[in-house]
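Examination of the molecular architecture
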Amino acid sequence: MPKPSEISNLVIIGSGPAGYTAAIYAGRARLNPIVFEGLKMGLPGGQLMTTTGIENFPGFPTGIMGPELMRLMKAQAQNSGARLWMEDVISVDFKQRPFTVRSAERETLAHSIIIATGATAQRLHLPSEDQFWNKGISACAICDGGIPRFKDVELAVVGGGDTAAEESIFLTKYASKVHLLVRSDRLRASKVMQERVLNHPKIQVHWQTVPTDVYGNDWVQGLKLKNTVSSVEQDLTVGGLFYAIGHKPNTALFIDAIELDPTGYIVTKGKSTATNVEGVYACGDVQDHEYRQAISAAGTGCMAALEAERWLSGTGLLQEFLPVSTPEETIENDVIEFSLG
Ligand code: NDP
(Lines give C-alpha, C1' and ligand atoms only; values in the text may rest on other atoms or scores of the structure.)
Protein backbone atom coordinates (compact mmCIF):
# COMPACT_ATOMS: atom_id res chain seq x y z
CA MET A 1 0.00 0.00 0.00
CA PRO A 2 1.38 3.45 -0.88
CA LYS A 3 1.72 5.94 2.00
CA PRO A 4 -0.86 8.78 1.93
CA SER A 5 1.96 11.26 1.22
CA GLU A 6 2.80 9.33 -1.96
CA ILE A 7 -0.67 9.92 -3.36
CA SER A 8 -1.58 13.28 -4.89
CA ASN A 9 -5.00 14.81 -4.50
CA LEU A 10 -5.29 15.58 -8.16
CA VAL A 11 -3.50 15.04 -11.46
CA ILE A 12 -4.48 17.24 -14.38
CA ILE A 13 -3.64 15.86 -17.82
CA GLY A 14 -3.32 18.55 -20.48
CA SER A 15 -2.33 22.18 -20.60
CA GLY A 16 -4.61 24.27 -22.76
CA PRO A 17 -6.95 26.89 -21.28
CA ALA A 18 -8.97 24.10 -19.62
CA GLY A 19 -6.01 22.39 -17.96
CA TYR A 20 -4.34 25.58 -16.75
CA THR A 21 -7.62 27.00 -15.42
CA ALA A 22 -8.26 23.76 -13.53
CA ALA A 23 -4.71 24.05 -12.18
CA ILE A 24 -5.26 27.65 -11.04
CA TYR A 25 -8.42 26.75 -9.14
CA ALA A 26 -7.02 23.53 -7.70
CA GLY A 27 -3.78 25.23 -6.73
CA ARG A 28 -5.58 28.02 -4.91
CA ALA A 29 -7.74 25.39 -3.15
CA ARG A 30 -4.47 23.93 -1.75
CA LEU A 31 -4.91 20.64 -3.58
CA ASN A 32 -1.25 20.79 -4.64
CA PRO A 33 -2.20 19.53 -8.11
CA ILE A 34 0.21 18.03 -10.62
CA VAL A 35 -0.22 19.02 -14.26
CA PHE A 36 1.16 16.78 -16.98
CA GLU A 37 1.45 19.50 -19.59
CA GLY A 38 2.26 17.23 -22.51
CA LEU A 39 4.78 17.74 -25.22
CA LYS A 40 3.07 16.29 -28.28
CA MET A 41 3.15 19.59 -30.13
CA GLY A 42 6.71 20.33 -28.97
CA LEU A 43 5.41 22.80 -26.37
CA PRO A 44 2.68 22.73 -23.75
CA GLY A 45 -0.31 25.03 -24.14
CA GLY A 46 -2.57 23.24 -26.60
CA GLN A 47 -4.12 24.58 -29.78
CA LEU A 48 -3.63 28.25 -28.88
CA MET A 49 0.12 27.78 -29.27
CA THR A 50 -0.47 27.54 -33.02
CA THR A 51 -2.79 30.51 -33.36
CA THR A 52 -1.84 34.14 -33.76
CA GLY A 53 -3.99 36.96 -32.39
CA ILE A 54 -6.94 36.19 -30.10
CA GLU A 55 -9.48 38.97 -29.98
CA ASN A 56 -12.38 37.27 -28.20
CA PHE A 57 -10.82 36.28 -24.87
CA PRO A 58 -12.24 38.70 -22.30
CA GLY A 59 -9.79 40.97 -20.53
CA PHE A 60 -7.63 41.84 -23.52
CA PRO A 61 -9.37 44.73 -25.27
CA THR A 62 -6.80 44.96 -28.05
CA GLY A 63 -6.33 41.19 -28.34
CA ILE A 64 -3.48 38.94 -27.29
CA MET A 65 -1.27 36.45 -29.09
CA GLY A 66 -2.24 32.80 -28.45
CA PRO A 67 1.18 31.73 -27.12
CA GLU A 68 1.33 34.80 -24.85
CA LEU A 69 -2.11 34.01 -23.40
CA MET A 70 -0.95 30.49 -22.66
CA ARG A 71 2.30 31.76 -21.11
CA LEU A 72 0.26 33.92 -18.76
CA MET A 73 -2.13 31.09 -17.86
CA LYS A 74 0.79 28.78 -17.21
CA ALA A 75 2.50 31.34 -14.97
CA GLN A 76 -0.75 31.87 -13.09
CA ALA A 77 -1.15 28.11 -12.61
CA GLN A 78 2.37 27.86 -11.27
CA ASN A 79 1.97 30.89 -9.01
CA SER A 80 -1.24 29.36 -7.68
CA GLY A 81 0.63 26.31 -6.44
CA ALA A 82 0.30 23.80 -9.28
CA ARG A 83 3.28 21.62 -10.08
CA LEU A 84 3.82 21.58 -13.84
CA TRP A 85 5.55 18.64 -15.45
CA MET A 86 6.39 19.01 -19.10
CA GLU A 87 5.83 15.36 -19.93
CA ASP A 88 3.43 13.32 -22.05
CA VAL A 89 1.24 10.84 -20.23
CA ILE A 90 1.71 7.44 -21.86
CA SER A 91 -0.84 5.39 -19.92
CA VAL A 92 -3.44 5.59 -17.16
CA ASP A 93 -5.05 3.05 -14.89
CA PHE A 94 -8.46 4.13 -13.61
CA LYS A 95 -9.53 0.60 -12.62
CA GLN A 96 -7.70 0.65 -9.29
CA ARG A 97 -7.68 3.38 -6.66
CA PRO A 98 -5.67 5.46 -6.22
CA PHE A 99 -5.45 6.04 -9.96
CA THR A 100 -2.12 5.61 -11.73
CA VAL A 101 -0.78 8.03 -14.34
CA ARG A 102 2.44 7.16 -16.17
CA SER A 103 4.79 9.22 -18.28
CA ALA A 104 8.05 8.00 -19.80
CA GLU A 105 9.80 9.49 -16.75
CA ARG A 106 7.63 8.42 -13.82
CA GLU A 107 4.52 6.83 -12.35
CA THR A 108 2.23 8.95 -10.17
CA LEU A 109 -0.68 8.00 -7.93
CA ALA A 110 -3.69 10.30 -7.50
CA HIS A 111 -7.11 10.19 -5.89
CA SER A 112 -8.69 12.28 -8.65
CA ILE A 113 -7.97 13.15 -12.26
CA ILE A 114 -8.93 15.99 -14.58
CA ILE A 115 -8.58 15.24 -18.28
CA ALA A 116 -7.97 18.31 -20.42
CA THR A 117 -6.17 16.86 -23.42
CA GLY A 118 -8.14 18.85 -25.99
CA ALA A 119 -8.86 18.05 -29.60
CA THR A 120 -6.89 18.44 -32.78
CA ALA A 121 -8.31 20.17 -35.84
CA GLN A 122 -8.14 17.90 -38.85
CA ARG A 123 -5.91 19.18 -41.59
CA LEU A 124 -5.92 18.57 -45.32
CA HIS A 125 -2.13 18.28 -45.54
CA LEU A 126 -1.96 20.30 -48.75
CA PRO A 127 1.54 20.55 -50.25
CA SER A 128 1.97 24.22 -49.20
CA GLU A 129 -0.08 23.99 -45.98
CA ASP A 130 2.81 24.39 -43.54
CA GLN A 131 4.12 27.42 -45.41
CA PHE A 132 0.78 29.23 -45.17
CA TRP A 133 -0.45 28.02 -41.77
CA ASN A 134 -1.45 31.16 -39.86
CA LYS A 135 -0.58 33.11 -43.00
CA GLY A 136 -4.01 32.79 -44.53
CA ILE A 137 -4.85 29.22 -43.49
CA SER A 138 -6.64 28.74 -40.19
CA ALA A 139 -8.64 26.00 -38.51
CA CYS A 140 -10.85 28.41 -36.57
CA ALA A 141 -12.81 31.19 -38.27
CA ILE A 142 -14.36 32.32 -35.00
CA CYS A 143 -10.84 32.78 -33.53
CA ASP A 144 -9.03 34.26 -36.52
CA GLY A 145 -11.68 35.54 -38.93
CA GLY A 146 -11.86 39.06 -37.53
CA ILE A 147 -8.24 40.05 -38.22
CA PRO A 148 -7.74 42.93 -40.70
CA ARG A 149 -6.12 40.70 -43.38
CA PHE A 150 -9.46 38.91 -43.84
CA LYS A 151 -11.56 42.06 -44.09
CA ASP A 152 -13.21 42.91 -47.43
CA VAL A 153 -11.50 40.07 -49.32
CA GLU A 154 -12.90 36.81 -50.68
CA LEU A 155 -12.36 33.84 -48.35
CA ALA A 156 -12.85 30.10 -48.64
CA VAL A 157 -14.10 27.55 -46.13
CA VAL A 158 -13.69 23.82 -46.68
CA GLY A 159 -16.15 21.36 -45.16
CA GLY A 160 -19.84 20.60 -45.20
CA GLY A 161 -20.82 20.15 -41.56
CA ASP A 162 -22.25 22.50 -38.95
CA THR A 163 -18.83 24.02 -38.28
CA ALA A 164 -18.31 24.86 -41.95
CA ALA A 165 -21.80 26.34 -42.15
CA GLU A 166 -21.41 28.34 -38.94
CA GLU A 167 -17.95 29.60 -39.86
CA SER A 168 -19.00 30.56 -43.40
CA ILE A 169 -21.85 32.63 -42.02
CA PHE A 170 -19.55 34.15 -39.40
CA LEU A 171 -16.99 35.13 -42.04
CA THR A 172 -19.60 36.99 -44.11
CA LYS A 173 -19.37 39.72 -41.45
CA TYR A 174 -15.84 40.49 -42.66
CA ALA A 175 -15.33 39.00 -46.12
CA SER A 176 -16.61 40.44 -49.37
CA LYS A 177 -17.63 36.90 -50.33
CA VAL A 178 -17.27 33.40 -48.86
CA HIS A 179 -16.67 30.34 -51.03
CA LEU A 180 -17.76 27.13 -49.31
CA LEU A 181 -15.95 24.12 -50.74
CA VAL A 182 -17.92 20.90 -50.28
CA ARG A 183 -16.37 17.63 -51.42
CA SER A 184 -19.69 15.86 -52.05
CA ASP A 185 -23.03 16.95 -53.48
CA ARG A 186 -24.62 17.55 -50.08
CA LEU A 187 -24.09 19.36 -46.82
CA ARG A 188 -23.88 17.34 -43.65
CA ALA A 189 -24.91 20.36 -41.55
CA SER A 190 -28.30 20.56 -39.82
CA LYS A 191 -31.26 21.61 -41.98
CA VAL A 192 -31.50 25.07 -40.47
CA MET A 193 -27.80 25.75 -41.04
CA GLN A 194 -28.04 24.43 -44.59
CA GLU A 195 -30.86 26.82 -45.34
CA ARG A 196 -28.94 29.76 -43.90
CA VAL A 197 -25.89 28.93 -45.99
CA LEU A 198 -27.75 28.23 -49.21
CA ASN A 199 -29.82 31.42 -48.90
CA HIS A 200 -26.99 33.70 -47.88
CA PRO A 201 -26.23 36.29 -50.59
CA LYS A 202 -22.52 36.39 -49.73
CA ILE A 203 -21.91 32.61 -49.72
CA GLN A 204 -21.24 30.61 -52.88
CA VAL A 205 -21.21 26.85 -52.48
CA HIS A 206 -18.86 24.92 -54.76
CA TRP A 207 -20.20 21.36 -54.80
CA GLN A 208 -17.93 18.37 -55.35
CA THR A 209 -14.91 20.57 -54.98
CA VAL A 210 -11.73 20.23 -52.93
CA PRO A 211 -8.66 22.42 -52.63
CA THR A 212 -5.50 20.68 -53.80
CA ASP A 213 -3.08 23.45 -52.82
CA VAL A 214 -2.71 27.10 -51.82
CA TYR A 215 -0.45 29.70 -53.36
CA GLY A 216 0.77 33.19 -52.52
CA ASN A 217 3.87 35.02 -51.34
CA ASP A 218 3.91 35.76 -47.62
CA TRP A 219 0.10 35.23 -47.39
CA VAL A 220 -2.48 33.10 -49.18
CA GLN A 221 -3.49 34.66 -52.49
CA GLY A 222 -5.45 31.79 -53.98
CA LEU A 223 -6.32 28.12 -54.16
CA LYS A 224 -5.96 25.33 -56.64
CA LEU A 225 -9.34 23.57 -56.79
CA LYS A 226 -10.31 20.22 -58.22
CA ASN A 227 -13.76 18.91 -59.08
CA THR A 228 -14.07 15.51 -57.39
CA VAL A 229 -16.22 14.10 -60.22
CA SER A 230 -14.78 15.57 -63.42
CA SER A 231 -11.24 16.14 -62.05
CA VAL A 232 -11.31 19.54 -63.76
CA GLU A 233 -8.94 21.96 -62.03
CA GLN A 234 -9.26 25.70 -61.61
CA ASP A 235 -7.79 28.56 -59.58
CA LEU A 236 -9.76 30.60 -57.06
CA THR A 237 -8.45 33.94 -55.85
CA VAL A 238 -9.00 34.22 -52.08
CA GLY A 239 -7.18 35.85 -49.19
CA GLY A 240 -7.79 33.05 -46.73
CA LEU A 241 -8.71 29.39 -46.34
CA PHE A 242 -10.50 28.06 -43.27
CA TYR A 243 -10.53 24.35 -42.45
CA ALA A 244 -13.79 23.10 -41.00
CA ILE A 245 -13.38 19.40 -41.67
CA GLY A 246 -13.80 18.18 -38.13
CA HIS A 247 -11.75 17.74 -35.00
CA LYS A 248 -10.30 14.64 -33.41
CA PRO A 249 -10.49 14.53 -29.62
CA ASN A 250 -7.21 13.53 -28.00
CA THR A 251 -8.59 10.50 -26.20
CA ALA A 252 -6.45 7.60 -27.43
CA LEU A 253 -5.11 7.18 -23.87
CA PHE A 254 -8.59 6.74 -22.43
CA ILE A 255 -10.26 4.35 -24.86
CA ASP A 256 -10.51 1.50 -22.34
CA ALA A 257 -10.52 3.70 -19.24
CA ILE A 258 -13.64 5.89 -19.48
CA GLU A 259 -16.79 6.26 -21.53
CA LEU A 260 -16.36 7.94 -24.91
CA ASP A 261 -19.09 8.84 -27.38
CA PRO A 262 -19.09 7.23 -30.86
CA THR A 263 -16.89 10.04 -32.21
CA GLY A 264 -14.32 9.63 -29.42
CA TYR A 265 -15.24 12.60 -27.18
CA ILE A 266 -15.38 11.98 -23.42
CA VAL A 267 -18.94 11.72 -22.15
CA THR A 268 -19.62 14.04 -19.21
CA LYS A 269 -22.73 13.89 -17.05
CA GLY A 270 -25.39 16.55 -17.51
CA LYS A 271 -24.22 20.02 -16.57
CA SER A 272 -21.07 18.72 -14.86
CA THR A 273 -17.60 17.63 -15.93
CA ALA A 274 -17.96 14.23 -14.22
CA THR A 275 -17.18 11.17 -16.31
CA ASN A 276 -18.52 7.67 -15.72
CA VAL A 277 -15.58 6.99 -13.37
CA GLU A 278 -16.05 8.63 -9.98
CA GLY A 279 -13.25 11.07 -9.28
CA VAL A 280 -12.35 11.50 -12.97
CA TYR A 281 -13.42 14.76 -14.64
CA ALA A 282 -13.07 16.03 -18.20
CA CYS A 283 -13.01 19.63 -19.38
CA GLY A 284 -12.31 21.65 -22.51
CA ASP A 285 -12.40 20.44 -26.09
CA VAL A 286 -11.87 16.79 -25.17
CA GLN A 287 -15.53 16.73 -24.06
CA ASP A 288 -16.93 19.61 -26.14
CA HIS A 289 -17.44 19.30 -29.87
CA GLU A 290 -19.77 22.26 -30.04
CA TYR A 291 -18.31 25.47 -28.59
CA ARG A 292 -14.56 24.77 -28.72
CA GLN A 293 -13.54 28.23 -27.56
CA ALA A 294 -10.68 29.11 -25.22
CA ILE A 295 -13.09 30.85 -22.88
CA SER A 296 -15.56 27.95 -22.75
CA ALA A 297 -12.66 25.52 -22.22
CA ALA A 298 -11.40 27.69 -19.35
CA GLY A 299 -14.93 27.75 -17.88
CA THR A 300 -15.17 23.97 -17.82
CA GLY A 301 -11.64 23.80 -16.37
CA CYS A 302 -12.89 25.84 -13.44
CA MET A 303 -15.91 23.56 -13.06
CA ALA A 304 -13.74 20.43 -13.11
CA ALA A 305 -11.46 21.74 -10.35
CA LEU A 306 -14.40 22.72 -8.14
CA GLU A 307 -16.06 19.36 -8.70
CA ALA A 308 -12.85 17.45 -7.98
CA GLU A 309 -12.33 19.43 -4.78
CA ARG A 310 -15.90 18.76 -3.63
CA TRP A 311 -15.53 15.08 -4.40
CA LEU A 312 -12.21 14.82 -2.53
CA SER A 313 -13.74 16.60 0.47
CA GLY A 314 -16.88 14.49 0.38
CA THR A 315 -14.96 11.23 0.29
CA GLY A 316 -12.54 12.32 3.01
CA LEU A 317 -9.58 11.81 0.67
CA LEU A 318 -8.59 15.48 0.52
CA GLN A 319 -5.14 16.21 1.90
CA GLU A 320 -4.19 19.85 2.22
CA PHE A 321 -0.59 20.98 1.68
CA LEU A 322 0.80 17.61 0.67
CA PRO A 323 4.47 17.56 1.67
CA VAL A 324 5.80 16.86 -1.81
CA SER A 325 9.10 18.51 -2.74
CA THR A 326 9.27 20.63 -5.88
CA PRO A 327 10.44 18.37 -8.70
CA GLU A 328 13.40 19.44 -10.78
CA GLU A 329 11.24 19.29 -13.89
CA THR A 330 9.05 22.15 -12.68
CA ILE A 331 9.35 25.05 -15.06
CA GLU A 332 10.72 28.04 -13.25
CA ASN A 333 12.27 30.18 -15.93
CA ASP A 334 9.27 31.82 -17.52
CA VAL A 335 7.14 32.72 -14.54
CA ILE A 336 6.20 36.36 -14.67
CA GLU A 337 6.17 38.32 -11.48
CA PHE A 338 2.83 39.36 -10.13
CA SER A 339 1.07 38.87 -6.85
CA LEU A 340 -2.17 37.02 -6.40
CA GLY A 341 -4.55 38.69 -3.99
P1 NDP B 1 -18.41 17.04 -39.18
O2 NDP B 1 -17.64 15.77 -38.98
O3 NDP B 1 -19.84 17.05 -38.90
O4 NDP B 1 -18.23 17.53 -40.68
C5 NDP B 1 -16.98 17.54 -41.29
C6 NDP B 1 -17.19 17.97 -42.71
O7 NDP B 1 -15.91 18.07 -43.32
C8 NDP B 1 -18.02 17.01 -43.55
O9 NDP B 1 -18.88 17.73 -44.41
C10 NDP B 1 -16.97 16.26 -44.36
O11 NDP B 1 -17.41 15.86 -45.62
C12 NDP B 1 -15.92 17.32 -44.54
N13 NDP B 1 -14.58 16.75 -44.73
C14 NDP B 1 -13.95 15.87 -43.93
N15 NDP B 1 -12.73 15.59 -44.42
C16 NDP B 1 -12.62 16.31 -45.57
C17 NDP B 1 -11.60 16.43 -46.54
N18 NDP B 1 -10.46 15.76 -46.42
N19 NDP B 1 -11.82 17.25 -47.58
C20 NDP B 1 -12.97 17.95 -47.71
N21 NDP B 1 -13.98 17.88 -46.82
C22 NDP B 1 -13.81 17.05 -45.76
O23 NDP B 1 -17.59 18.13 -38.29
P24 NDP B 1 -18.10 19.51 -37.68
O25 NDP B 1 -16.91 20.10 -37.06
O26 NDP B 1 -18.81 20.30 -38.70
O27 NDP B 1 -19.14 19.10 -36.57
C28 NDP B 1 -18.75 18.19 -35.52
C29 NDP B 1 -19.95 18.01 -34.58
O30 NDP B 1 -20.20 19.21 -33.87
C31 NDP B 1 -21.25 17.68 -35.33
O32 NDP B 1 -21.99 16.81 -34.55
C33 NDP B 1 -21.94 19.01 -35.42
O34 NDP B 1 -23.34 18.89 -35.55
C35 NDP B 1 -21.54 19.67 -34.10
N36 NDP B 1 -21.56 21.13 -34.19
C37 NDP B 1 -22.66 21.78 -33.76
C38 NDP B 1 -22.74 23.14 -33.82
C39 NDP B 1 -23.98 23.80 -33.34
O40 NDP B 1 -24.90 23.11 -32.98
N41 NDP B 1 -24.02 25.12 -33.32
C42 NDP B 1 -21.65 23.97 -34.37
C43 NDP B 1 -20.53 23.19 -34.83
C44 NDP B 1 -20.51 21.83 -34.74
P45 NDP B 1 -18.49 14.65 -45.83
O46 NDP B 1 -19.80 15.23 -45.41
O47 NDP B 1 -18.37 14.36 -47.27
O48 NDP B 1 -18.00 13.54 -44.95
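It should be noted that the structure appears before, not after, this text.
These numbers come from a predicted model, not from an experiment. (Residues numbered from 1 in each chain as written. Predicted model: local features only at pLDDT ≥ 70, side-chain atom pairs only at ≥ 80, totals over all residues. Heavy atoms only, no water.)

1. Some remarks on unusual backbone geometry
Applicable threshold: A run of H or I in DSSP counts as a helix once it spans at least four residues, and a run of E counts as a strand once it spans at least two, with each numbered from the N terminus.
Cis geometry marks the peptide bond from Arg97 to Pro98; its omega dihedral reads -5°. Note on placement: Pro98 falls in the loop between strand 6 (89-93) and strand 7 (99-103). Although it is not a glycine, Asp152 adopts a positive phi angle of roughly 60°. Here Asp152 is to be found in the loop between helix 4 (141-144) and strand 11 (154-158). Not every positive phi belongs to a glycine, and Arg292 is a case in point at roughly 50°. By the secondary structure assignment, Arg292 is in the loop between strand 19 (280-282) and helix 7 (294-315).

2. With respect to helix 2 (residues 66-79)
The following threshold applies: Expected helix span is taken as 1.5 Å per residue step, with the number of steps being one fewer than the number of residues. Here's how the labels work: a residue is buried when its accessible area is under 20% of the maximum for its type, exposed when over 50%, partly exposed in between, all with a 1.4 Å probe on protein chains only.
Between its terminal C-alpha atoms helix 2 stretches 20 Å, which fits the 20 Å expected from 14 residues at 1.5 Å a residue. Those residues of helix 2 that fall on the buried side of the exposure criterion are Gly66, Leu69, Met70, Met73, Lys74, Ala75, Ala77 and Gln78. Following helix 2 by one or two positions, Gly81 adopts a phi angle in the positive range, close to 110°.

3. Comments concerning the sheet that holds strand 16 (residues 233-236)
Strand pairing in a sheet relies on backbone hydrogen bonds, with the paired strands running either antiparallel or parallel. Filter applied, for reference: Two strands qualify as a pair provided DSSP detects at least 2 bridges between them. Note on definitions: angles span 0 to 180 degrees between N-to-C directions of axes, and those axes are lines fitted to C-alpha atoms, for helices only across the stretch in contact.
Taken in spatial order, the three strands line up as 14-15-16 in an open sheet, and their pairing is antiparallel. Either end of the sheet is taken by a strand with one partner, and the two such strands are strand 14 (209-216) and strand 16. The mean inter-strand angle of the sheet, taken between neighbouring strand axes irrespective of direction, is 25°. Pairing of strand 15 (residues 220-227) with strand 16 involves four bridges; the strand directions are antiparallel. The residue of strand 16 that forms the bridge with Lys224 is Asp235.

4. Re the packing of helix 5 (residues 162-171) against helix 6 (residues 191-199)
To be explicit about the condition: The cut-offs work like this: below 35 degrees is roughly parallel, past 145 is roughly antiparallel, 65 to 115 is roughly perpendicular, and the gaps in between are oblique. Left-handed describes a crossing whose near helix is turned anticlockwise from the far helix through less than a right angle; right-handed describes the clockwise counterpart. We call two residues contacting when some pair of their heavy atoms lies within 4.5 Å. Residue polarity follows a fixed list, in which Ala, Val, Leu, Ile, Met, Phe, Trp, Tyr, Cys and Pro are nonpolar, Asp, Glu, Lys and Arg are charged, and the others, Gly among them, are polar.
Running from N to C, helix 5 and helix 6 cross one another at 40°; their axes reach a closest spacing of 10 Å. In terms of orientation, helix 5 and helix 6 fall into the oblique class. Helix 6 is crossed by helix 5, and the crossing has left-handed handedness. When helix 5 is examined against helix 6, the residues Asp162, Ala165, Glu166 and Ile169 are found in contact with a partner set consisting of Met193, Arg196 and Val197. Of the residues contributing to the contact of helix 5 with helix 6, the split by class is four nonpolar, no polar and three charged.

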